[in-house]
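# Structural features, examined
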Amino acid sequence: MRNNQVLGLLFPNARDEALGEITAARAMGSVPFGGRYRLVDFTLSNLVNAGITKVGVITKNNYQSLMDHIGAGKAWDLSRKSTGLRYLPPYGTSDEQYAGRIASLASIDRFLEIATEEYVVMSDCYIVGSIDFEQLLRQHILTGADITVACKAGDKVDFPDQLRLTCGADGQIQDITIGGNKKSGYTGLGIYVMKRERLRQLTAEAQSRNLGNFERDVIQRHLGILKLYSYPVMEYTEVITSLSAYYRASMNLLAPGTRRQLFTPERPVLTKVRDTAPAVYGLHAAVSHSLVADGARIDGEVRNSVIFRDVHIGRGAVVENAVIMQGTVIMQGARLNCVICDKGITVKDGGSLRGAASHPVYIEKGAVV
Amino acid sequence: MYRKQECVAMLLAGGQGSRLYALTKEIAKPAVPYGGKYRIIDFPLSNCTNSGIETVGVLTQYQPLELNDYLGSGEPWDLDRAEAGVHVLPPFQRQRGADWYKGTANAIYQNIPFIERYRPEYVLVLSGDHIYKMDYSKLIAAHKEKQADCTIAVLEVEMEEASRFGILNTNPDGSIYEFDEKPAVPKSNLASMGIYVFTWDKLKKHLELDEANKKSDNDFGKNLLPAMLAAGERMFAYRFGGYWKDVGTIDSLWEANMDLLNPHVPLDLTGSEWRIYSRSPSAPPHYIGRAADVQNSMISEGCVIDGRVDFSVLFANVTVEEGAEVLDSILMPGTVVKKGAVVQYAILAENVTVGEGAVIGERPELCEDIKDWGVAVVAAGVGVGEGAKVPPKAMIEEDTP
């Protein structure tokens, strides 16, 4: 069923800084992940799989590759007439526009005003997971919450200003801290549900007081004033807010159990179609415990690695514990261990790169090694 | 009023492909899977879009459901256009009576109104039976240059094989003076590829004449082309030098897939030049397990391989369990090969399950009489039981214990 009452709002630039060099020339949402995906695919698919057919993508900067990837939204069935995908790029004359989440929400107020959907799901794009947003919405409506905050159990903080939530047995949020060491039981995932009119009102209010931080000035500030509920996500999720988290999540994909939870027939992860031929294995290929995307050509040894599209691995090359992004060429006899290669890298004959599992080496886009 | 198109392509996709037996029981031949992620019809459609032909009529008749679904709006081939683009043209009922497509020429005849609305100079007639990459714009340029009424693409075949093909005998300038259908003693080795370009006025005239001729079978090769030649129309052969394969039989379908694994065969589907487009499922990258051993193969997304795979083409979402072996075979989407099973020299259609320890097919060198050897075929959705043995050349259409 189409979910006509819900509008999706994506923030693909959220926490761009967390991935350092990987996001130097791209938004968080367009970071390649899992052999053929971009991070935004997971959240976008979660929205679409919940029947949400109207999605606003609020971009801030570095969004060229993101727009290339999402295009008109056809791969997600979001190329539609009245609903579908809407890009909401920075608007206005001042460079300070969009400085924070609240400023960007204020600048799309007209879009929010003319929308007809009753509810809004807001989400950042650094979460890898197949999350049932329908369940999230159902709980939001059932509890009569003003704001529902999706979260995961545990005290492990993925980034310094992540929300820590203390919740009652009914899920109502009793305390919110940002930073500090208070044990709380849950951490926020940057996913919020509320009524569209509530979002507009809270945005206007914060804007009028010159408050700029959404988490602190909208969510935390209304504790005890509005009904805030938590929604603990039970599904497998990874929060990709550091290079080591990116590497760990990539390696976790090799476990069959992870893939079973992430790629379900009920909630497929959709992505742009690239029309590459199936992967080709040569006479000298020796591959084990690895994920390989279409378009790859493998004639060397590959172990414990994630190989993206159009990657070529030459004869005698050895690639271990590595993430090799699209279009990278590893020539004859090269050796790579614990490495993240960005797109379009060339590792020449006999080249050698070695990192540690705890500190993988990152090679920037287009480099020749 | 439709925008004028210089050339309209008409793709004959109604054939049953009866020599593919179990593989075309429920789908039309052009919808048969090929090459790990494609279907046969992807080749002519991608050739059209890569050649700048924007209007393609697809003539369907036999088992059209899956083919229609696959074509959809034509978006995967960039053929979802406002006026032009891909159009599915099934036979239809008229005020007075209804006709199936009686022959290839009749299929085009019945769709003259479709062609006329684009007011084309040329009509390209294609079939959905062949694997090849071809720039039709060069064929059309040659047609124009010779001021021909009809140009037929031809392939040079080995002289000893020429008697299997429709052979064209030509003058030194390339003009055709004789058609020789499967000649016992061939005079030339130029075989027709079943790809024709016509000047539309001439084709229309001859379609009408052919239709009026009650003795005609309304077939291009058998009736219309010879009639055009007899009427003195300008007909030329156009030599094509690339890879071309008719995949009308089990053996040729198997061979054409194996050709993809041979670096010496000039058919390359990798790379971005002259890309072949297809409708793809949304599956994650394939996984090669710790105990797996994969060489000389093509593997698609969604596969999970824990066994041995050599000289094989695996479509999306195929599972090969630990200890299973898949050799010299083609496994179509969703097929599962369980522990310890052996699949060799076989084509397994979609969603086949091969039980533990089952053995399908045989290596030719192990057959006492080579006449008994052939590619084994298991039809879509069939379950092959634990420990079952499927002999070479077998055609399994129902579950076997």
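What you see is a predicted model; the values in this text were computed from it and never measured. Numbering of residues starts from 1 in each chain and follows the order in which that chain's sequence is written. Here chains are named by letter from A upward and ligands by number from 1 upward, in the order in which they appear as written. Selection of residues for local features in this predicted model requires a pLDDT of at least 70, selection of side-chain atom pairs for listing and counting requires 80 or more, and totals for whole chains, interfaces and linings are taken over all residues. As a rule here, side-chain values come from all non-hydrogen atoms in the structure, and water together with hydrogens is ignored.

## Quick word on the overall build of chain A
Our working rule: Helix numbering and strand numbering both begin at the N terminus, where a helix is a DSSP run of H or I of at least 4 residues and a strand a DSSP run of E of at least 2. Buried means the residue's accessible area, taken with a 1.4 Å probe over protein chains only, is under 20% of the maximum for its type, while exposed means over 50%, and partly exposed covers the values in between. Note on contacts: a residue pair qualifies if any of its non-hydrogen atoms lie within 4.5 Å across the two residues. Working definition of accessibility: Shrake-Rupley area with a 1.4 Å probe, residue cover restricted to the visible protein chains. For this count, His and the chain ends are skipped, Lys and Arg are scored as positive, and Asp and Glu as negative. Charged groups are reduced to one reference atom each: NZ for lysine, CZ for arginine, CG for aspartic acid, CD for glutamic acid.
A tally of regular secondary structure across chain A gives nine helices and 28 strands. Dimensions of chain A along its principal axes, counting C-alpha atoms only, are 65 × 45 × 40 Å. Across the 369 residues in chain A, those meeting the buried criterion constitute 59%. For chain A, long-range pairs separated by at least 24 residues make up 57% of all intrachain contacts whose partners lie at least 6 apart in sequence. Summed over all atoms, the accessible surface of chain A reaches about 14500 Å², with 48% contributed by carbon and sulfur. Considering chain A, the positive charge centre built from 42 side chains and the negative charge centre built from 37 side chains are found 2 Å apart.

## Regarding the pattern of salt bridges
The test is simple: Just to be clear on terms, a salt bridge is a Lys or Arg side-chain nitrogen sitting within 4 Å of an Asp or Glu carboxyl oxygen.
Scanning the entire structure with this criterion turns up 45 salt bridges over all chains. Between A:Glu320 and A:Arg303 there is a salt bridge, with the nearest N and O atoms lying 3.4 Å from each other. Here the residue A:Glu320 occupies a position in strand E21 (residues 318-320), and A:Arg303 occupies one in strand E18 (residues 301-303), the gap between them amounting to 17 residues. A:Arg303 sits in the partly exposed class, given a relative accessible area of 28%. We note a salt bridge from B:Arg239 to B:Glu156, for which the minimum N-O separation is 2.7 Å. Remark: B:Glu156 occurs in strand E8 (residues 150-156) and B:Arg239 occurs in strand E12 (residues 235-240); sequence separation between them is 83 residues. The exposed category is assigned to B:Arg239, whose relative accessible area is 52%.

## Side note on the interface of chain A and chain B
Rules: Summed over both partners, the accessible surface that disappears when two parts come together, traced with a 1.4 Å probe, is what is meant by buried area.
At the junction of the two partners, chain A supplies 34 residues and chain B supplies 33 residues. Taking both partners together, chain A and chain B bury about 2700 Å²; carbon and sulfur atoms supply 49% of that area. Among the residues chain A hides against chain B, the three largest losses belong to A:Asp275, A:Pro278 and A:Tyr281. Together they make up 23% of the total. Counting the contacts that link chain A with chain B gives four salt bridges. Residues B:Glu301 and A:Arg36 are paired through a salt bridge, measuring 3.0 Å at the closest nitrogen-oxygen approach.

## Things to note about the sheet that holds strand E17 (residues 297-298) of chain A
Put simply, the rule reads: For two strands to be treated as a pair, DSSP must find at least two bridges joining them.
Spatially, the 11 strands line up as an open sheet ordered E26(A)-E23(A)-E20(A)-E17(A)-E14(A)-E16(B)-E19(B)-E22(B)-E25(B)-E28(B)-E31(B), and their pairing is mixed. Every interior strand has two partners, whereas the edge strands, strand E26 (346-347) of chain A together with strand E31 (395-396) of chain B, have only one. Pairing of strand E23 (residues 329-330) of chain A with E26(A), which is carried by two bridges, proceeds in the parallel orientation. Bridge pairing in E26(A) places A:Ile330 opposite A:Val347.

## Focus on the sheet that holds strand E21 (residues 325-327) of chain B
Residues and elements named next belong to chain B. Across the sheet, which stays open at both edges, the six strands sit in the order E15-E18-E21-E24-E27-E30 with parallel pairing between neighbours. Bordering the open sheet on either side are strand E15 (293-295) and strand E30 (389-390), each of which pairs with just one other strand. Sheet topology places strand E27 (residues 359-360) next to E30; two bridges connect them, and they run parallel. Bridge pairing in E30 links Val 359 to Lys 389.

## Quick look at the environment of A:Pro232
Residue and element names in this part refer to chain A. Examined against the element boundaries, Pro 232 turns out to sit in strand E12 (residues 228-232). Sequence separation between Pro 232 and Ile 114 is 118 residues; the distance between their C-alpha atoms is 32 Å. Beyond its immediate chain neighbours, meaning those up to four positions away, Pro 232 contacts Cys 151 and Tyr 186.

## What about the packing of helix H6 (residues 200-212) of chain B against helix H7 (residues 220-230) of chain B?
All names here are of chain B. Formally: A fitted line through C-alpha atoms represents every axis, and for helices the fit uses only the stretch in contact; the resulting angles, taken between N-to-C directions, go from 0 to 180 degrees. Working rule for handedness: look at the near helix, and if it is turned counterclockwise from the far one by less than a right angle, call the crossing left-handed; if clockwise, right-handed. Polar here means any residue outside two lists: the nonpolar Ala, Val, Leu, Ile, Met, Phe, Trp, Tyr, Cys and Pro, and the charged Asp, Glu, Lys and Arg; Gly therefore counts as polar.
It is at 10 Å that the axes of H6 and H7 come closest, and there the two elements cross at 115°. Remark: the crossing between H6 and H7 carries right-handed chirality. Residue-level inspection shows Lys 202, Leu 203, His 206, Leu 207 and Asp 210 of H6 in contact with H7, the latter providing Phe 220, Asn 223, Leu 224, Ala 227 and Met 228. Among the residues making up the contact of H6 with H7, the classes are represented as six nonpolar, two polar and two charged.

## Concerning the confidence of the model for chain B
Close inspection of predicted coordinates is inappropriate for parts of the model with low pLDDT. Put simply, the rule is: Values of pLDDT, ranging from 0 to 100, describe the predictor's confidence in every residue of the model.
When pLDDT is averaged across chain B, the result is 94; 100% of the residues are at 70 or more. Our summary of model confidence lists the complex with pTM equal to 0.93 and ipTM equal to 0.91.

## Quick look at helix H1 (residues 42-50) of chain B
All names here are of chain B. Extensive coverage of H1 is indicated by the burial of eight of its nine residues. Those residues of H1 that fall on the buried side of the exposure criterion are Asp 42, Phe 43, Pro 44, Leu 45, Ser 46, Asn 47, Cys 48 and Thr 49. A positive phi of about 85° marks Gly 52, the residue just after H1.

## Thoughts on the side chain of A:Arg15
All names here are of chain A. Mapped onto the fold, Arg 15 is located in the loop between strand E1 (6-11) and strand E2 (32-33). A residue is classified by how much of its surface remains accessible, and Arg 15, at 17% relative accessible area, is buried. Not counting residues within four places of it along the chain, the set of residues in contact with Arg 15 comprises Met 28, Tyr 126, Phe 159, Asp 161 and Thr 241.

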